[in-house]
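Summary of the model geometry
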Amino acid sequence: MSELRRILIVEDEPLIAMMLEDFLDALDREPAGSADSVASAMELVEAGGFDAAILDVNLRGGEQSWPIADALASAGIPFILATGGAGEAIAEHHRSRPVLAKPFTIDAVERALDGLAAEA
């Protein structure tokens, strides 16, 4: 099983992003940066230095994370799609990706990351 240690967080709600950072710390993983928009996330993706990502599907201002997901997929970097519920549509070409439903629990985050590591 591959070890996914450094995790990029793309989340537009500051409290949720901080909670994910705390979860990662507790799970002996390292937050590798946080972004709240497509533009800021794309800068972090281009810079690299992380092993996997957690992407909020819907970001502030009607933005969606699909350009980020496409860039990660092209780079071979595994990621989890975070959704607020069943009403959020997943882009067809990313429907096979693991999904983490909100509200998050530390156990669900751990299972999702362990599942990514097993696939890597």
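Quick caveat: nothing in here was measured; it's all calculated off a predicted structure.

Turning to the overall build of the chain, a few remarks are in order. Assigned secondary structure in the chain consists of four helices and five strands. Its C-alpha atoms give the chain a radius of gyration of 13 Å, within 12% of the compact-globule value 14 Å for 120 residues. Over its C-alpha atoms, taken along the principal directions, the chain stretches across nearly 35 × 30 × 25 Å. Looking at the chain residue by residue over its 120 residues, the buried ones come to 42%. Considering only intrachain contacts with a sequence separation of at least 6, the fraction spanning at least 24 residues in the chain is 64%. When the accessible surface of the chain is totalled, it reaches about 6,000 Å², and 51% of it is carbon and sulfur. If you average the places of the 8 positive and of the 22 negative side-chain charges in the chain, the two averages end up 4 Å apart.

Glancing now at the pattern of salt bridges. With the rule as written, the count across this model stands at seven salt bridges. Here E30 makes a salt bridge to R6, at a shortest N to O gap of 2.6 Å. With E30 in strand β2 (residues 30-35) and R6 in strand β1 (residues 6-10), the pair connects residues that are 24 residues apart, well separated along the chain. Close ionic contact of E13 with R60 constitutes a salt bridge, the shortest N to O distance being 3.8 Å. Here E13, found in the loop between β1 and α1 (14-26), pairs with R60, found in the loop between β3 (52-56) and α3 (66-75); they are 47 residues apart in sequence, far enough to count as distant. Under the relative-accessibility criterion, R60 is labelled partly exposed at 44%.

As a further point, take the pairing of β3. Of all five residues making up β3, five are buried, and the element is well covered by its neighbours. Burial along β3 is two-sided: the residues A52, I54 and D56 and A53 and L55 are all buried. The pairing of β1 with β3 spans four bridges and is parallel. Bridging across to β3, V10 finds its partner in L55. Direction of pairing for β3 relative to strand β4 (residues 79-83): parallel, over a ladder of four bridges.

For the peptide bond that leads from K102 to P103, omega is 0°, which places it in the cis range. For P103, the location among the structural elements is in the loop between β5 (99-101) and α4 (106-119).

The five strands are arranged β2-β1-β3-β4-β5 in an open sheet whose pairing can be described as parallel. Each edge of the sheet is formed by a strand with only one pairing partner; in this case those strands are β2 and β5. Strand-to-strand twist across the sheet, computed as the mean angle between neighbouring axes with direction ignored, equals 20°.

Conventions adopted
Within any chain, residue numbers begin from 1 and follow the written order of that chain's sequence. At least 70 in pLDDT is required for a residue's local features to be given in this predicted model, at least 80 for side-chain atom pairs to be given and counted, and no such filter applies to totals for whole chains, interfaces and linings, which use all residues. By convention in this description, side-chain values take in all heavy atoms of the structure and omit both hydrogens and water. To qualify as a helix, a DSSP run of H or I must reach at least 4 residues; to qualify as a strand, a run of E must reach at least 2; elements of each kind are numbered from the N terminus. Using C-alpha atoms as the atom set, the radius of gyration is obtained and then compared with a globule rule of 2.2 Å times the number of residues to the power 0.38. Summary of the burial criterion: residues with accessible area below 20% of their type's maximum are buried, those above 50% are exposed, and those between are partly exposed, where the area comes from a 1.4 Å probe applied to protein chains only. Here, two residues are considered to be in contact whenever any of their heavy atoms come within 4.5 Å of each other. Shrake-Rupley sampling with a 1.4 Å probe provides the accessible areas, and residues are treated as covered by the protein chains on show and by no other component. Just so you know, the count uses Lys and Arg for positive and Asp and Glu for negative, and it drops His and the chain ends. The location of each charge is read from NZ of Lys, CZ of Arg, CG of Asp or CD of Glu. Every case where a carboxyl oxygen of Asp or Glu lies within 4 Å of a side-chain nitrogen of Lys or Arg is listed as a salt bridge. At least two DSSP bridges between two strands are required for those strands to pair. Structural elements are reduced to axes, namely lines fitted to C-alpha atoms, with helices fitted over the stretch in contact, and the angle between N-to-C directions of any two is expressed from 0 to 180 degrees.

Geometric values such as these leave the question of function open.
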